Amino acid sequence: MNVLEALIREMILHDGPISVDRYMTLALAHPEHGAYTSRVPLGKEGDFITAPEISQMFGELIGLWAVEVWYAMGCPARFRLVELGPGRGTLMADALRAVKVAPEFRAALDLHLVETSEILRRDQACALEPSGVAAHWHSAVEDVPAGPMIAIANEFFDCLPVRHYVSDAGFWRERLIGLDREGRLGFGLAPEPELGLGAAAEAGSILEIGIAATRSMREIAGRIAAQSGALLVIDYGYDGAPVGETLQALRHHRFADPLRAPGEADLTAHVDFAALRRAARSAGADARGPVPLGEWLTRLGIFERAAALRRRADPGQTAEIDSALARLTGYGSAAKDQRSMSELFKVLVVTARDTPLPPGFTTGEGA
């Protein structure tokens, strides 16, 4: 039993079982022992690798995408370029390098990073130093100054806590985390039914609701609707009816029990893109997508960018480029029986309603 597990156990003994979203918040963001506050969870030495760590092409294309969106916004003289959950700063560093081709865009941008981890903030500062662009850090997107905004959220919404409800005896009951007979963390149900969730499904079915994700989307989309801009969401998830429980833990790139050693594994849940789209539109913005990541990157020209990189690459570098291309787009992947990153990851865009459709999206998608 690690320190955080002992603290959660004492909390439950004193106050009773806690919700799944409360547990996720503690496991990820506890000030001293959370997975995102006490260590660097990304990269080969961490728990998982994100798309920016796979290839520079990912961040470069997003940077050039942002330039096109800025043009579509009417080239505001000053705007906020924002990244939510910037990881180690790799995506933004690659994006800023790519947008050197648009000096007027660089001159107009005001860079803001939303990050709660002091450890990751230090990594981000080091990664961004060569760009020469001054960055401002915030703990919440609400703290970013007002004004037109282009925001990037790569693997941000999947980290937001979710709540679980279980169909039991004709009712939905909230799934809680308490202590089992051996005193270990375990799942249980609230004694009182949860009203307002509709008819219960087959007994034992789990309803997963991302309340924090929809709340965050409404906040960002409302600002975009009122002040102009765009939000690009890249994450893994589904579009359609809820699919049940998707809570998972990754520790050193392997799946782990989410209730064991909290703070030592990354906890995530699949993103409900349909819910995000509804939340954005309810806030007065437009939302399009999601589009499979591989298809979106292909539309943006990743194969052309790969060809340009190959022309200056040695054989070893060429192999790395081709490997990254396969992981991001599914092209050339030998694992045809597995869902590649290009299919599971999806891309959604939120804009003000008078903004032209951004690159990589087509009319009618997500309508």
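Novice: Run through the pattern of salt bridges, naming residues and quoting values.
Specialist: A pair can form between side chains of opposite charge whenever their charged atoms are brought close. A full pass over the atoms with the stated rule returns 17 salt bridges. A salt bridge links Glu10 to Arg9; its shortest N-O distance comes to 3.7 Å. Given the relative accessible area of 48%, Glu10 is considered partly exposed. Where Asp286 meets Arg288, a salt bridge forms, and the shortest distance between an N and an O atom there is 3.5 Å. Asp286 gets classed as partly exposed once you look at its relative accessible area, which sits at 21%. Salt bridges here are not isolated pairs; linked through shared partners, they connect Glu60, Asp94, Arg97 and Arg305.

Novice: Pulling in residues and values, what's your account of the sheet that holds strand S12 (residues 254–256)?
Specialist: Strand order in the open sheet formed by three strands is S12-S11-S13, with antiparallel pairing between adjacent strands. Among the strands making up the open sheet, the edge pair consists of S12 and strand S13 (266–268). Recorded for the sheet is a direction-independent mean angle of 40° between the axes of neighbouring strands. Relative to S13, strand S11 (residues 248–251) is paired through three bridges, and the arrangement is antiparallel. The partner of Gln248 across the bridge, within S13, is Thr268.

Novice: Can you break down the packing of helix H1 (residues 3–15) against helix H2 (residues 20–29) residue by residue, with the values?
Specialist: The interhelical angle for the contact between H1 and H2, taken along N-to-C directions, is 150°, at an axis separation of 11 Å. Relative to H2, the crossing made by H1 is right-handed. Judged by residue contacts, Leu4, Ile8 and Met11 of H1 engage Arg22, Tyr23, Leu26 and Ala27 from H2.

Novice: Explain the environment of Thr268 to me, and be specific about the residues and the numbers.
Specialist: Inspection of the secondary structure puts Thr268 in strand S13. Residue Thr268 is classed as buried on the basis of its relative accessible area, which comes to 3%. For the pair Thr268 and Glu155, spaced 113 residues apart in sequence, the C-alpha separation works out to 9.5 Å. With residues up to four places along the chain from it excluded, the contact list for Thr268 reads Met24, Asp158, Cys159, Tyr236, Thr246, Leu247 and Gln248.

Novice: Kindly report on the confidence of the model for the chain, identifying the contributing residues and their values.
Specialist: Across the chain, the average pLDDT comes to 90, with 93% of residues at 70 or higher. A low-confidence stretch, residues 334–338 stays under pLDDT 50, and its non-local contacts, those more than four residues away or across chains, total one contact.

Novice: Explain the pairing of strand S6 (residues 163–168) to me, using residue names and the numbers behind them.
Specialist: Bridge count for S6 against strand S9 (residues 206–209) is four bridges, and the pairing is antiparallel. Residue pairing in the sheet places His164 in a bridge with Glu208 of S9. Note that S6 and strand S7 (residues 171–179) share four bridges and pair antiparallel. Counterpart to Val166 in the pairing with S7 is Arg173.

Novice: Provide a residue-level description of the environment of Glu68, including the pertinent values.
Specialist: Its location among the elements puts Glu68 in helix H4 (residues 56–72). Given a relative accessible area of 42%, Glu68 falls into the partly exposed group. Residues Glu68 and Pro359, 291 residues apart in the sequence, show an inter-C-alpha distance of 7.4 Å.

Basis of the calculations
- Every chain is numbered on its own, with residues counted from 1 as its sequence reads.
- This being a predicted model, a pLDDT of at least 70 is required before a residue's local features are given, and a value of 80 or more before pairs of side-chain atoms are given or counted; all residues contribute to the totals for chains, interfaces and linings.
- Excluded from the side-chain calculations are hydrogens and water; all other atoms, namely the structure's heavy atoms, are used.
- We define a salt bridge as a side-chain nitrogen of Lys or Arg found within 4 Å of a carboxyl oxygen belonging to Asp or Glu.
- Whether a residue is buried, partly exposed or exposed follows from its accessible area with a 1.4 Å probe, protein chains only, as a fraction of its type maximum: under 20%, in between, or over 50%, in that order.
- At least two bridges found by DSSP between two strands are what make those strands a pair.
- Strands are runs of DSSP state E lasting at least 2 residues, helices are runs of H or I lasting at least 4, and numbering of each runs from the N terminus.
- Lines fitted to C-alpha atoms define the axes, with helix axes restricted to the stretch in contact, and inter-axis angles between N-to-C directions lie between 0 and 180 degrees.
- Here a crossing is called left-handed whenever its near helix is offset anticlockwise from the far helix by less than a right angle, and right-handed whenever the offset is clockwise.
- Contacts: residue pairs with any heavy atoms within 4.5 Å of one another.
- Confidence per residue, as judged by the predictor, is encoded in pLDDT with a range of 0 to 100.

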